[in-house]
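# Observations on the model geometry
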Amino acid sequence: MKTYEIVIGLETHIQLNTASKIFCSCKADSWGAPPNTNICPVCSGLPGVLPVLNAEAVRKGALLAAAMHAEINPISYFDRKNYFYPDLPKGYQITQFDEPIGKGGYMDLRMPDGSERRVRIHKLHLEEDAGKTKIDRGERLVDFNRCGVPLVEMVTEPDLRSGEEAAQYLTQLRQLLRWIGVSEADMERGHLRCDANVSIREAGSSMLNTKTEIKNVNSIDAVRQAISEEAKRQIDAVEAGQRIESYTLDWDADTGTLRKMRSKETEADYRYFREPDLLPVVLTAAEIAAVQNSLPELPLARRARFIQDYQLSAYDAEILTSERGLSDYYEESVQLCGGAAKLVSNWMMNDLIRLMNDTGKSAAELRLRPADLAEIIQLVEGGKINPATGKSLLARVEAGAGKASQIVADEGLGLIADEDTLRQQIAAILEESPSEMQNFRAGKESLLGWFVGQVMRRTGGKADPKRTRELLLELLRQ
Amino acid sequence: MTPDYITPELFAKLVTLAALELTPEESEYLRTELNHQLAAVKELSEIKLAEGVQPSLHGLDCQGNPPRPDEWLPFPDSAAILALAPESNGEYFRVPDFRRGGEEAK
Amino acid sequence: MSSIQLSAYQIAQKVRAGLLSPLEVLEDHLKQIAAVDGVPGSLEPKTSDPAEESKVHAFIEVSADLARRQAEQVRARLERGEDPGLLAGVPVSIKDIFCVQGTTTTAASRILYNFRPPYTATTVERLAQAGALIIGKTNLDEFTYGSSSESSAFQPHPNNPWNTERVTGGSSGGSAASVAAREVPLSLGTDTGGSIRQPAAFCGVVGLKPTYGRTSRYGLIAFGSSLDCPGPLARDVRDAALMLQVLAGADPKDSTSAVAPVPDYLAALEEGVRGMRIGISPDYDHITYPDTLTGEMSIQAIQPEMNTSVRAVAEVLAQLGAEIVENVPMPNARHGIPAYFVISRVEAASNLHRFDGVKYGYRARKPALDLSELYRATRAEGFGLQPKLRILMGMYVSAAQHSAQYYQKALRVRSMIRSDFERAFDPNGAYRLDALLTPTTPTTAFRRGEVMGDSVLMQYSDQMTVAGNHAGIPAVSIPAGLDPQGLPIGVQFFGMDFREDIILRAAYAYEQATRDAEWRAVQPQALRGSEVKA
Ligand SMILES: [Zn+2]
């Protein structure tokens, strides 16, 4: 059996998180809205009305183009893509055809094995979403709520080589979209949708063979699984001497199977032409520069910097840059802790992330701000409280109990570092434990721990452990 | 004779693409008129374009409104839109679709 | 005296001064409609009563209740001491291609026979804001696709008030007829290839196609979106200027509407034509027309009175101090119709995609098993022949394999048509025109049924006007006499982008100078009956 290479290109539709739709003032996201309640004459295709472009959709589209290292087109155009379907109320979709907002570009992926792969972007353009239809006993029910939702359609070159790579692409794209704030990128809510073009070729060959298109692979697992299935099907077919036909396939996530939708042999003619109801989208050099300057440091760069500057492990850096809010939180906390990068990393990796999981909040949503975290860390490091108290304070500050130092003062959670108090406690313990004292003095120095434990017991754990140890040694050795 | 730019076969294809269906009389009339119009339009192919002539989209350069700010302003009467439907169930627009099984309507 | 004898300007002045009640004005005009209009256009016309043959049939729907409410509002505004607006109490008819909440908006097509839009076109909104009374919706060619108004699905179609055997022109035929027959002083029309100016010329009224973008297209059911222009039809130039004043200006709902400032058009009228340079072009004294059998283009003469009228108008203007510039070349004018056949059809076919029986309007009676059956049956039953023809033409010339040959080429030819005007109007060029004077139409109003059905001949009646739509520039058609059969002749001034004020000024100067011309005393046939006391 020959060895085959799988060639994959992904077409993603990204819902931009604007307040309003792309060509009308209806709410962009209809999540939870009853059907046909978030519509107006424009997005439901009534006659005589006209589209009016949303400036923020353009800005977010351009920002995404910048993040993909694409050239932002100073003049781009909207075109009409004409076809009949009941989810398309105008009978044409307003999209960008030959002069889209972004040209070229790429995204660098890091693979789990540490390698990197560059995925080139073939096309990046703005368009409006269509509505939704569903079949119900011999009739089709149509909901226009989703019509006119701003989308970026982004198509990669066939640069991916496995279902796993495709899954990585989607994972990292999703992270990037959230990172730069252009989309919520929630696949379950359809903010990020994916179709995959799959073909195979003999390893070492550079030709592109007939591909099939898998529609509706709308979760990361589905992408991984559907592509693997389809590649296997194609390999089996070729091995059996069959020809691969250009199909459109539908991924059924429930059964984990592919279903043939239609043959794609005859390509539809959409009769594209410039949308006469809209003017060209003109971005001045200053506007383009402003978009590019507003682009934050991207995850991959930040991850590298965290490893370099903060000496974090690759694993910690990965986690701490998984989300922009978390990485900002980290950097701010490090700064407030006087640059104690490793220390803050430990607190965040162990405790803060647990707190986020427990509360279901993102770093940015936590009531516990970096200043609070830094204060708690410093209380522990300064010996004012013990680590266990520190950890319990995280949850209490998050729950709204107030400032950490205030809680410590109010509730007497601070460690007893006062020498007279500690000396009194220790003297009492030595008096009660003559045999242990004798044993220690006879050389069984391991009993020190036992004495510390006694002090802790008497002080309810509040004795400063370092000072306690020093005083015990002093008094035992007298 | 006007050249047969649109043969009956091509005409039938156009009618399908246009989501129309025609009586034989309508087809006869429309195909004849199309061929007449295309005869008139043939003149275009003979026009020599001046150097560097760009396509014109609106004749003049529109000095239109800039893109609008991103504000949500709900349409006050979405129910009135649904009420225009030839058929609805009070929630959805309804269209007949008996034949669809697994195959996408095309 | 009935207020139907007054101009819009006079009505508004009197109403604003409290000398005339808006309700009285409305009743006068409703009475005139009842007298001359006959049965409104309908999908199921009654068996023909011969008396209806001589009626105007400008209207599809008379919105008397809406107009009465508006008249009441004008009265209330006056009583409260508020400004009732520039068009206070002026009845206005609206071509039934504009969406008006509270009316049925049919586009003269079965496919929209019951469409009641939940929104109002910006232009209509502005008219109402200015105190106009929206008295009804006028008939037109189905979806504006025609130059005679005969192709309406709502019959009877409008007849020319000057001679009801003749067509009104189109597609704003009902609008032009309603103004000519004094059913209204003003009407709102649309002009895509000449649809305001050609019927204005045929019906002996003033018709202004503004610069593309000067007036909002929001709420106008689209034909050729890059060409469509709402504009006024009126009985005199001042009324057209007054109405433009109300209509003009940027609209946030129309991205292509222009932000350019709106001048005071009425004030501009009085400035006269002294020193103005007015061009005449040899490329507008004939038409180039294809033989339907061979497709060969040949030069054909136009009705001789058209050219003599242009000369006569030029002479009057010259006497008023204008400089007439002869022999202005407009070499690309002849390409206007071929380019229009392509551009307008591509846009029209796409614009008609939305009529599918799913969302509004007509749905085929015939039960459908699936979507494509529903679409086909609905569109087959809902559209008349002209929309079907335009859809098929548009589909053909925009197909991927034909687009470069037809559509892309036509867009470049459009640039060349525009460049003719740029050269003529260039302030540093050889011609330095302020306006170009041409006939509006190749002939006066043709007979009913004479051209209907010949889509090529029908389209060529727009040859004199269509270049203005390609170029986006403004143009106004004004009456300039009657031909030997007593039919109105129109001449047209083309102007520079957003300089409606200049062409209105030239038109007004001519109109004022010929105020007492004999032909101006002749009334349209429809007004010569006993029911009208002129
Ligand atoms: Zn909307």
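What you are looking at is a predicted structure, and each value in this text was computed from that prediction instead of being measured. (Residues numbered from 1 in each chain as written. Chains lettered and ligands numbered in written order. Predicted model: local features only at pLDDT ≥ 70, side-chain atom pairs only at ≥ 80, totals over all residues. Heavy atoms only, no water.)

## Notes on the overall build of chain B
Assigned secondary structure in chain B consists of three helices and one strand. At 23 Å, chain B has a C-alpha radius of gyration far larger than the 13 Å of a compact globule built from 106 residues. By its C-alpha atoms, chain B is 55 × 45 × 30 Å across when sized along the principal axes. Within chain B, the proportion of its 106 residues that are buried is 42%. Here the contacts in chain B between residues at least 6 apart in sequence split such that 41% fall between residues at least 24 apart. Looking at charge distribution, chain B has the averaged site of its 9 positive side-chain charges lying 6 Å from that of its 19 negative ones. (Helix = DSSP H or I, 4+ residues; strand = E, 2+ residues; numbered from the N terminus. Rg over C-alpha atoms; globule rule 2.2 N^0.38 Å. Buried < 20%, exposed > 50% of the residue type's maximum accessible area, 1.4 Å probe, protein only. Contact = heavy atoms within 4.5 Å. Lys, Arg positive; Asp, Glu negative; His and termini not counted. Charge placed at Lys NZ, Arg CZ, Asp CG, Glu CD.)

## What about the packing of aromatic side chains?
Applying the stated criterion to the full structure yields 27 aromatic pairs over all chains. Arranged with centres 6.1 Å apart and planes meeting at 80°, the rings of Phe 355 of chain C and Tyr 360 of chain C form a pair that is edge-to-face. Judged by its relative accessible area of 3%, Phe 355 of chain C is buried. Clustering of aromatic rings is evident, with ring pairs tying together Phe 115, Phe 143, Tyr 145, Phe 223, Tyr 340, Phe 355, Tyr 360 and Phe 383 of chain C. Taking the ring centre of Tyr 270 of chain A as reference, the NZ or CZ of Lys 81 of chain A above it sits at 4.4 Å. (Phe/Tyr/Trp six-rings, centres within 6.5 Å; stacked < 30°, edge-to-face > 60°. Lys NZ or Arg CZ within 6 Å of the ring centre and 35° of its normal.)

## Considering the sheet that holds strand E6 (residues 229-234) of chain C
Residues and elements named next belong to chain C. With mixed pairing, 11 strands are arranged side by side in an open sheet as E1-E3-E2-E4-E6-E5-E12-E13-E11-E7-E10. If you trace the sheet from one side to the other, it starts and ends with strand E1 (59-62) and strand E10 (323-325), each paired once. Taking the axes of each pair of neighbouring strands and ignoring which way they run, one obtains an average angle of 30° across the sheet. In this sheet, strand E4 (residues 186-191) lies alongside strand E2 (residues 91-95) in parallel orientation, the contact comprising three bridges. Looking across to E4, one finds that Ile 94 is bridged to Leu 188. In the packing of helix H2 (residues 22-36) onto the sheet, the strands contacted are E1, E2 and strand E3 (133-138), and the crossing angle to E3 comes to about 20°. Contacts between helix H3 (residues 64-79) and the sheet are confined to E1 and E3, with E3 contributing the most and set at about 160° to the helix. (Pairing = 2+ DSSP bridges. Axes fitted to C-alpha atoms, helices over the stretch in contact; angles between N-to-C directions.)

## Some details on helix H11 (residues 404-411) of chain A
All names here are of chain A. Every buried residue of H11 is accounted for by Ala 404, Ile 407 and Val 408. Buried residues of H11 fall within an arc of 100° about the axis and therefore sit on the same side. Relative to its buried face, H11 has exposed residues pointing more than 90 degrees away, namely Ala 409 and Asp 410. Lining the buried residues of H11 we find helix H9 (370-381) and helix H10 (387-398). (Arc of directions from axis to C-beta.)

## Points about the confidence of the model for chain B
Residue and element names in this part refer to chain B. Confidence in the prediction of chain B, expressed as mean pLDDT, is 89, and 92% of residues score 70 or more. Of the regions scoring below 50 in pLDDT, residues 101-106 engages in eight contacts with residues more than four places distant in sequence or in other chains. Reported confidence for the predicted complex is 0.96 by ipTM and 0.92 by pTM. (pLDDT = per-residue confidence, 0-100.)

## Regarding the nonpolar core
All names here are of chain C. With 203 residues, the main nonpolar core has Leu 127, Phe 143, Leu 392, Phe 421 and Phe 493 as its most contacted residues. With 10 residues, the top contributor of residues to this core is helix H13 (residues 404-425). Among residues more than four places away in sequence, those in contact with Phe 143 are Ile 97, Ala 107, Ser 109, Ile 111, Leu 112, Ile 221, Phe 223, Leu 352, Phe 355, Phe 383 and Pro 387. (Core = buried A, V, L, I, M, F, W, Y, C linked by side-chain atoms within 4.5 Å.)

## Some words on the domain arrangement of chain A
Residues and elements named next belong to chain A. Taken domain by domain, chain A comprises domain 1 (4-291), domain 2 (297-411) and domain 3 (419-476). Listed by partner, the interface residues are eight residues for domain 1 and 12 residues for domain 2. Together, Arg 110, Gln 175 and Trp 179 form the three largest contributors to the area buried by domain 1 at its contact with domain 2, with a combined 75%. Here Arg 110 makes a salt bridge to Glu 318, at a shortest N to O gap of 2.6 Å. Seen at the junction of domain 1 and domain 2, the total is five residue pairs in polar contact (both at pLDDT 80 or more). In terms of residue count, helix H2 (residues 163-179) provides more of the side of domain 1 that touches domain 2 than any other element does, three residues in total. Its residues placed into classes, the side of domain 1 that touches domain 2 shows four nonpolar, one polar and three charged. (Domains from an automatic or database assignment. Buried area = accessible area lost by both parts, 1.4 Å probe. Salt bridge = Lys/Arg side-chain N within 4 Å of Asp/Glu carboxyl O. Polar contact = N/O pair within 3.5 Å; in protein donor to acceptor, adjacent residues only side chain to side chain. Nonpolar A, V, L, I, M, F, W, Y, C, P; charged D, E, K, R; others polar.)

## Structural notes on the interface of chain B and chain C
Listed per partner, the contact involves 59 residues of chain B and 78 residues of chain C. The junction of chain B with chain C conceals about 6,000 Å² of combined surface from both sides, 65% of it contributed by carbon and sulfur atoms. Area buried by chain B at its contact with chain C is led by Glu 43, Leu 44 and Leu 60 of chain B, which between them contribute 11% of it. Where chain B packs against chain C, one counts five salt bridges. Across the contact surface, chain B and chain C share 28 residue pairs in polar contact (both at pLDDT 80 or more). Looking at the side of chain B that touches chain C, the element that brings in the most residues is helix H2 (residues 24-46) of chain B, giving 15 residues. In terms of residue class, the side of chain B that touches chain C is built from 38 nonpolar, 11 polar and 10 charged.

## Re the side chain of Asn 386 of chain A
All names here are of chain A. Following the sequence through the fold, Asn 386 ends up in the loop between H9 and H10. Here the side chain of Asn 386 touches Ala 388 through a polar contact of 3.1 Å, landing on its backbone nitrogen. Beyond its immediate chain neighbours, meaning those up to four positions away, Asn 386 contacts Val 380, Leu 415 and Gly 461.

## Points about the coordination of the zinc ion
Residues and elements named next belong to chain A. Cys 24 (SG), Cys 26 (SG), Cys 40 (SG) and Cys 43 (SG) make up the full set of protein donors to the zinc ion, lying at 2.3 to 2.4 Å. In this structure, the zinc ion is coordinated by four donor atoms arranged in tetrahedral fashion, with angles at the metal of 103 to 115°. Within one chain, the residues serving as donors to the zinc ion are arranged as C-x1-C-x13-C-x2-C. Judged by its relative accessible area of 2%, Cys 26 falls in the buried class. (Donors = N, O, S within 2.8 Å, 3.2 Å for Na, K, Ca; no water. Tetrahedral: all angles 85-135°; square planar, octahedral: opposite > 155°, others 65-115°.)

## Some words on the packing of helix H10 (residues 336-351) of chain C against H13 of chain C
Each pair of packed helices gets described by two things: the angle between the helix axes and the distance between those axes. Residues and elements named next belong to chain C. Closest axis-to-axis distance for the H10/H13 pair is 9 Å, and the angle between their directions is 125°. It follows from the interaxial angle that H10 and H13 lie oblique. Seen from above, H10 lies across H13 with left-handed handedness. Contacts from Gly 336, Ala 339, Val 342, Ile 343, Val 346 and Glu 347 in H10 reach Tyr 406, Tyr 407, Ala 410, Leu 411, Val 413, Arg 414 and Ile 417 in H13. Residue composition of the contact of H10 with H13, grouped by class: 10 nonpolar, one polar and two charged. (Parallel < 35°, antiparallel > 145°, perpendicular 65-115°, else oblique. Left-handed = near helix turned anticlockwise from the far one by under 90°.)

## Points about the pattern of salt bridges
A complete count under the given rule lists 70 salt bridges over all chains for this structure. Across the pair Arg 305 of chain A and Glu 297 of chain A runs a salt bridge, and its minimum N-O distance is 2.7 Å. The class of Glu 297 of chain A is partly exposed, set by a relative accessible area of 26%. Here Arg 277 of chain C and Glu 323 of chain C are joined by a salt bridge, their closest N and O atoms 3.1 Å apart. Here the residue Arg 277 of chain C occupies a position in strand E7 (residues 277-280), and Glu 323 of chain C occupies one in strand E10, the gap between them amounting to 46 residues.

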